Amino acid sequence: KKSELDYNLACILTFPPYQRCGYGKLLISFSYELSKRDGMVGSPEKPLSDLGKLSYRSFWTFVLLTTLLDYDGKWTLRELSTKTGIKVEDVISTLQALDLIKYWKGQHIIFVSQTLLKELLAKLKPPRLCLPHGEWAEGLARVDNQ
């Protein structure tokens, strides 16, 4: 559970008949919800495999874009990291890949419009995610923590 390098997940294995069903992203989502519950930000153990990088980048993209829908122009990258549970380095690399961040006068600036966010989100297939407080998205059974 404790990692000096802020890893929140070491390894995911999805057997071939169950790949591309969303189980990997569900596990990734669950690991981030556990990190947020503990008041931490996390990152996967590196280096990532090619498929691991694709899965994480897809997850980070969806989470960051949906979170940025509430962006008021005043958040720091650290605040965005805390809101999502995603380590700052992973936030930066994902926003750079989406061309939504600029480096200006020695600091990173989030550069995004609500219209662009909605366009980018419309192109994504929503992943099956673990929701806070033991709820599950995309038709999975709800688990009550009471």
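These figures come from a predicted structure and were not determined experimentally.

Engineer: Hey, could you run me through the nonpolar core in this one?
Structural biologist: Note on soluble globular proteins: their nonpolar side chains tend to be buried together. In this structure, Leu 68, Leu 77, Leu 80 and Leu 95 are the most contacted members of the largest nonpolar core, which totals 26 residues. Of all the elements in the fold, those that place two or more residues in this core are α1 (23-37), α2 (50-68), α3 (77-84), α4 (88-97) and α5 (114-123). Tallying contributions element by element places α2 first for this core, with eight residues. Among all residues touching Leu 68, those that are not within four sequence positions of it are Trp 75, Leu 80, Leu 95, Ile 110, Gln 114 and Leu 117.

Engineer: When you look at the packing of α2 against α3 in this model, what are you seeing that I'm missing?
Structural biologist: Where α2 contacts α3, the axes come no closer than 11 Å and their chain directions differ by 110°. By the criterion of interaxial angle, the relationship of α2 to α3 is roughly perpendicular. Helix-helix and strand crossings are classified by hand; for α2 and α3 the assignment is right-handed. Across the interface between the two elements, Val 63, Leu 64, Thr 67 and Leu 68 of α2 pack against Leu 80, Lys 83 and Thr 84 of α3. Looking at the contact of α2 with α3 residue by residue, the class counts come to four nonpolar, two polar and one charged.

Engineer: Please explain the pairing of strand β3 (residues 101-104) as it appears in this structure.
Structural biologist: Remark: a regular strand shows side chains that alternate across the two faces of the sheet. In the sheet, β3 pairs with strand β4 (residues 107-110) via four bridges, with the strands oriented antiparallel. Along β4, the bridge assignment pairs Tyr 103 with His 108. Where β3 folds back on β4, the antiparallel hairpin that results is connected by two residues, among which Lys 105 adopts a positive phi of roughly 50°.

Engineer: What is the right way to look at a nonpolar patch on the surface in this model?
Structural biologist: On the surface, Leu 13, Phe 15, Tyr 18 and Tyr 23 cluster together to form a nonpolar patch covering roughly 470 Å² of accessible area. Residue position: Phe 15 is located in the loop between β1 (7-9) and α1.

Rules used throughout
Residues numbered from 1 in each chain as written. Predicted model: local features only at pLDDT ≥ 70, side-chain atom pairs only at ≥ 80, totals over all residues. Heavy atoms only, no water. Core = buried A, V, L, I, M, F, W, Y, C linked by side-chain atoms within 4.5 Å. Buried < 20%, exposed > 50% of the residue type's maximum accessible area, 1.4 Å probe, protein only. Helix = DSSP H or I, 4+ residues; strand = E, 2+ residues; numbered from the N terminus. Contact = heavy atoms within 4.5 Å. Axes fitted to C-alpha atoms, helices over the stretch in contact; angles between N-to-C directions. Parallel < 35°, antiparallel > 145°, perpendicular 65-115°, else oblique. Left-handed = near helix turned anticlockwise from the far one by under 90°. Nonpolar A, V, L, I, M, F, W, Y, C, P; charged D, E, K, R; others polar. Pairing = 2+ DSSP bridges. Patch = residues over 30% accessible without salt bridge, like charges linked within 9 Å, V, L, I, M, F, W, Y side chains within 5 Å. Areas by Shrake-Rupley, 256 points an atom, 1.4 Å probe, with all protein chains shown as cover. Salt bridge = Lys/Arg side-chain N within 4 Å of Asp/Glu carboxyl O.

The analysis is restricted to geometry; functional conclusions fall outside its scope.
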